[in-house]
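Breakdown of the fold
Below are the chains, spelled out letter by letter.
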Amino acid sequence: MSIQPIDLFSAERRRSARVIVRGLEKEFGFGVAAVRAIDTLDLALGANDFLCVVGPSGCGKTTLLNVLAGFEAPSAGEVSLDGRQILAPGAERGVVFQQGALFSWYSVRDNIAFGPECAGKPRAEARDIADGYIEMVGLEGFGDRYPYELSGGMQQRVGIARALAADPDILLMDEPFAALDQQTRELLQEEIKRIWQETGKTILWITHSIEEALFLATHVLVMTARPGRIKASFTAGFAGETSHLVTTSEAFTAAKRTVLGLLREESIKAQRQEEVA
Amino acid sequence: MSSAAFDAEAPPGTTKLAERPEVTSARRRRRLNLLSFAIMLLVWIAATGGAGFWTPVVDPVFFPSPLAVFEAFLRLIENGYQGRSLGHHLMMSLMRFGIAFGFCVTVGITVGLLMGMNETVQGLLDPPIEITRPIPKLALLPLLIIWFGIGELSKVIVIIMALFPLMSISAMQAVRGVSRRKIQAAYSLGATRWIVFWRVVLPASLPGIFTAIRLSLGVGVTMLVGAEMIATSNGIAWMALSAADFLLTDVVLVGVLMMAGLGYSLDQLARVIERRVVHWSGKDS
Ligand SMILES: Nc1ncnc2c1ncn2[C@@H]1O[C@H](COP(=O)(O)OP(=O)(O)OP(=O)(O)O)[C@@H](O)[C@H]1O
Ligand SMILES: [Mg+2]
């Protein structure tokens, strides 16, 4: 029960995949000023997969997420969900940002009811749905509060509940816990795991924390320094664990060492790139 | 409650309202405001003879005491000015200001929102607005009177010309400043462009729009003086201007103070509404 190398784009995975990323390239700018963020990336994500992406800063993780969310168009290659090409943002792909994406003018309940209302649910029903998710993320009694009245951790819960309430097929999360303190983060990690097990959503999760990746994910993807490609990918065996205590086990530490070694190589490369630039 | 992380966070609402720093500081500010008014009044009283205790620094003909101004005010309420009641003059000024302001709030802000949302609209409307913006609008008043006559229209238009660019450009910038993340989040929740406009862009722009509204209240009241400078025989500003011709300094000061009071109370009203409507402003999350 540890980590095993895996080809995330194997024929078998592609057959049962929901999300397919094929030959994805993304370049910003033109000519000499062009920045190549992602270079030929292939990826197949199945139902109930929890994929954590780690990689050095600036390697194109957010860019990958933006393409999947439909915020950015690929320069080459294609991305699809359930066989339909991704061209624009849509409710079937929920996004949770690091921070600052809540609607400050709405109460917690109205933030979460936004998705169901966009789906055409009557207001009362949307609010009922919202209350269910408020409970799921442990914010009972805070439905009428405004985001600015909540702590950072509570705000992230609202962001997660809001994305879940729109009932997406896949959740895209860009370092959702990066701005939180260690204790809050660990508890929220346990909770997101519980929510993932309860709802069975496909999740793509970007993080800088190897520990977070190994604790949460069914699959871990390590990206190279820019232009981002797949450096290595693994299946991780800790997704079934519910408590953070597993992170102190020997198997976990060994897995961490493996990923850390790979990531360090790329981080050093990324550092050099920056010094040259 | 499902997690201990949550319990660790102090539940809001446990401190009494009056103990909250923002409440006490608001109260403190109000007290300082009152004190400031009191000091201004005292300086005025002192400069004009200390209610009869010493000789005034300035001849009362040029600078009447507060009491004299108050008496003039009462006299104006009773007898009116130049054949019309004080209320009539006030209503005329309010009407000119109100129509211009209402037009700018509705049309100016709408145009600004459209400019912020749509590059084509912005490209078309930016030049006329930017070119007319630095022109001192009062310099145009004679021209406006030639074009639109000596009636109310030219007066309202000169105020509109001062407020319109302010409102539309502020609204446009407010739209431009809306966080991209919030817009992306809305689209990812299944919002249409229409929903994004009404439920994200518009509310997120409100703080900027309120700032512009409050600014234009001040500018608008100031513009009244210009608008009532020529070809009128009513209005508060006109009253002050014409009283000066007869050296009725007490009436001039009544007019000036009424305009100051008008501007101040409109601003206070706007503040109250602002605090209600955009209570979340500046506390981003
Ligand atoms: N809109 C853009 N225009 C130009 N360049 C961009 C844009 N977005 C990203 N880039 C560039 O693409 C590269 C990858 O950026 P990206 O944000 O995807 O990195 P990241 O892996 O998310 O980094 P971090 O871990 O620091 O968040 C960076 O070099 C960045 O400067
Ligand atoms: Mg990023």
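Below you will find a few notes about this structure.

Conventions and cut-offs
Each chain has its residues counted from 1, running along the sequence as written. Here every chain gets a letter starting at A, and every ligand a number starting at 1, in the order they are written. Reporting in this predicted model follows two pLDDT cut-offs: at least 70 for local features of residues, and 80 or more for side-chain atom pairs to be given and counted; totals over whole chains, interfaces and linings ignore these cut-offs and use all residues. As a rule here, side-chain values come from all non-hydrogen atoms in the structure, and water together with hydrogens is ignored. Two strands pair if DSSP finds at least two bridges between them. Strands are runs of DSSP state E lasting at least two residues, helices are runs of H or I lasting at least four, and both sets are numbered from the N terminus onward. By the convention used here, residues are in contact when the closest approach between their heavy atoms is within 4.5 Å. Fitted lines through C-alpha atoms serve as axes, helices being fitted only where they are in contact, and the angles separating the N-to-C directions of these axes extend from 0 to 180 degrees. By this rule the span expected of a helix is its residue count minus one, scaled by 1.5 Å. Whether a residue is buried, partly exposed or exposed follows from its accessible area with a 1.4 Å probe, protein chains only, as a fraction of its type maximum: under 20%, in between, or over 50%, in that order. We call two directions roughly parallel when the angle between them is under 35 degrees, roughly antiparallel when it is over 145, roughly perpendicular when it lies between 65 and 115, and oblique otherwise. Handedness of a helix crossing follows the sense of rotation of the near helix relative to the far helix, less than a right angle counterclockwise being left-handed and clockwise being right-handed. The classification used treats Ala, Val, Leu, Ile, Met, Phe, Trp, Tyr, Cys and Pro as nonpolar, Asp, Glu, Lys and Arg as charged, and all other residues, Gly among them, as polar. A residue counts toward a patch only above 30% relative accessible area and without a salt bridge, and it is joined to like-charged neighbours within 9 Å or, for Val, Leu, Ile, Met, Phe, Trp and Tyr, to nonpolar neighbours within 5 Å. The method behind every accessible area is Shrake-Rupley, applied with a 1.4 Å probe, and residues are considered shielded solely by the protein chains displayed. Any Lys or Arg side-chain nitrogen found within 4 Å of a carboxyl oxygen on Asp or Glu counts as a salt bridge. Definitions used throughout: a 1 Å grid over protein atoms alone; a cavity as a set of points that fits a 1.4 Å probe which cannot get out; a pocket as an open set with protein on both sides within 12 Å along at least five of seven lines; a lining residue as one with an atom within 4 Å of a point. Grid points are joined across faces, edges and corners, and a volume is the space filled by probe spheres set on the points. Any two rings among Phe, Tyr and Trp, with Trp reduced to its six-membered ring, count as a pair given centres within 6.5 Å; such a pair is stacked if its planes are under 30 degrees apart, edge-to-face if over 60, and tilted if neither. A quick way to say it: buried area is the sum, across both parts, of accessible area lost when two parts are put together, with a 1.4 Å probe. In the analysis that follows, any N or O atom pair within 3.5 Å is treated as a polar contact, provided that within protein one partner can donate a hydrogen and the other can accept it, and provided that, for residues neighboring in sequence, both atoms belong to side chains. Note that the arc is defined by the directions from the helix axis to the C-beta atoms.

This part is about the sheet that holds strand β5 (residues 76-81) of chain A. Residue and element names in this part refer to chain A. Reading across the sheet, the 4 strands line up as β3-β2-β5-β6 and stay open at both edges, with antiparallel pairing between neighbours. Each edge of the open sheet is held by one strand with a lone partner, namely β3 (35-46) and β6 (84-85). For strand β2 (residues 17-28) and β5, the ladder comprises 5 bridges, and the chain directions are antiparallel. Bridging from a neighbouring strand, E25 pairs with A76 of β5. Along the sheet face, helix α2 (residues 61-69) touches β2, β3 and β5 and points at about 120° away from the line of β2.

Below, the discussion takes up helix α7 (residues 152-176) of chain B. Taking 1.5 Å of rise per residue, 25 residues should cover 36 Å, and α7 of chain B covers 36 Å from first to last C-alpha, within 8% of that figure. For α7 of chain B, the tally of buried residues reaches 18 of 25 residues, placing the bulk of the element in the interior.

Attention now moves to the packing of helix α4 (residues 123-136) of chain A against helix α5 (residues 152-165) of chain A. Residue and element names in this part refer to chain A. Here α4 crosses α5 at 135°, and the two axes come no closer than 9 Å. Considering their axes alone, α4 and α5 lie oblique with respect to each other. α4 and α5 meet at a crossing whose hand is right-handed. From α4, I129, Y133 and M136 reach across to α5, where they touch A161, L164 and A165. Here the contact of α4 with α5 is built from residues that sort into 6 nonpolar, no polar and no charged.

Quick look at the sheet that holds strand β8 (residues 170-174) of chain A now. All names here are of chain A. Spatially, β1-β11-β10-β4-β9-β8-β7 is the arrangement adopted by the 7 strands of the open sheet, whose pairing is mixed. The open sheet is flanked by β1 (3-5) and β7 (93-96), the only strands paired with a single partner. The sheet shows a mean angle of 20° between the axes of neighbouring strands, direction not considered. One ladder, built from 5 bridges, connects β8 with strand β9 (residues 202-206); its direction is parallel. Paired with I170 across the two strands is T202, which belongs to β9. Together, β7 and β8 form the strand contacts of α5, whose direction differs from that of β7 by roughly 175°.

Residues V57, V58, V61, F62 and L247 of chain B make up a contiguous nonpolar surface patch of about 460 Å² in total accessible area. Within the fold, L247 of chain B resides in the loop between α10 (236-245) and α11 (249-277).

Residues and elements named next belong to chain B. Space inside the second largest pocket adds up to approximately 470 Å³. Lining the second largest pocket are 15 residues, and of these R180, I183, Y187, R193 and V196 sit closest to its centre. Broken down by secondary-structure element, the contributors of at least two residues to the lining of the second largest pocket are α4 (86-117), α7, α8 (180-188) and α9 (193-227). Counting residues per element, the lining of the second largest pocket draws most heavily on α8, which supplies 4 residues. Partitioned by chemical class, the residues of the lining of the second largest pocket number 9 nonpolar, 2 polar and 4 charged.

Glancing now at the packing of aromatic side chains. Enumeration according to the criterion identifies 20 aromatic pairs over all chains in this entry. Here F50 of chain A and W205 of chain A contribute two aromatic rings whose centre-to-centre distance is 5.7 Å and whose plane-to-plane angle is 45°, an arrangement assigned as tilted. Pair noted here: F50 of chain A is in strand β4 (residues 50-54) and W205 of chain A is in strand β9, with a separation of 155 residues, a long-range link. Given the relative accessible area of 0%, W205 of chain A is considered buried. A centroid spacing of 5.5 Å and a plane angle of 15° characterise the contact between F97 of chain B and F101 of chain B, whose relative ring orientation is stacked. With a gap of 4 residues between them, F97 of chain B and F101 of chain B both fall in helix α4, about one helical turn apart. With respect to class, F97 of chain B is no different from F101 of chain B; both count as buried.

Taken residue by residue, the interface counts 40 residues in chain A and 29 residues in chain B. For the pair chain A and chain B, the summed buried area comes to about 3200 Å², and 62% of that belongs to carbon and sulfur atoms. Of all residues in chain A, W105, F114 and Y148 of chain A give up the largest surface area on contact with chain B, accounting jointly for 22% of the area buried on that side. Here chain A and chain B share 1 salt bridge between them. Of the charged contacts in the structure, one is a salt bridge between E117 of chain A and R199 of chain B, with a shortest N-O distance of 2.7 Å. At the surface where chain A touches chain B, the tally comes to 8 residue pairs in polar contact (both at pLDDT 80 or more). Secondary structure elements with two or more residues in the side of chain A that touches chain B: β7, α3 (108-118), α5 and α6 (182-199) of chain A. In terms of residues, the side of chain A that touches chain B owes the most to one element, α5 of chain A, which gives 5 residues.

All names here are of chain B. Here E274 lies in helix α11. Of note is the side chain of E274, whose polar atom sits 3.1 Å from the side chain of R214. Not counting residues up to four positions away in its chain, the partners in contact with E274 are F210, T211, R214 and H279.

Residue and element names in this part refer to chain B. Here helix α3 (residues 66-79) contains 14 residues, and its C-alpha end-to-end distance of 20 Å stays within 8% of the 20 Å for a straight helix at 1.5 Å per residue. P66, V69, A72 and L76 are the residues of α3 that are buried. The buried residues of α3 occupy one face: seen down the axis, they fall within an arc of 120°. Facing away from the buried side of α3, by more than 90 degrees, are the exposed residues L67, E78 and N79. One or two steps after α3, the chain reaches G80, where phi turns positive at roughly 75°.

Residue and element names in this part refer to chain A. Sheet analysis places β1 next to strand β11 (residues 230-236), joined by 3 bridges and oriented antiparallel. Paired with I3 across the two strands is A236, which belongs to β11. Alignment of strand β10 (residues 219-223) against β11, held across 5 bridges, turns out to be antiparallel. Of the residues in β11, the one forming a bridge with M223 is I230. The turn joining β10 and β11, which pair antiparallel and follow one another in sequence, is formed by 6 residues.

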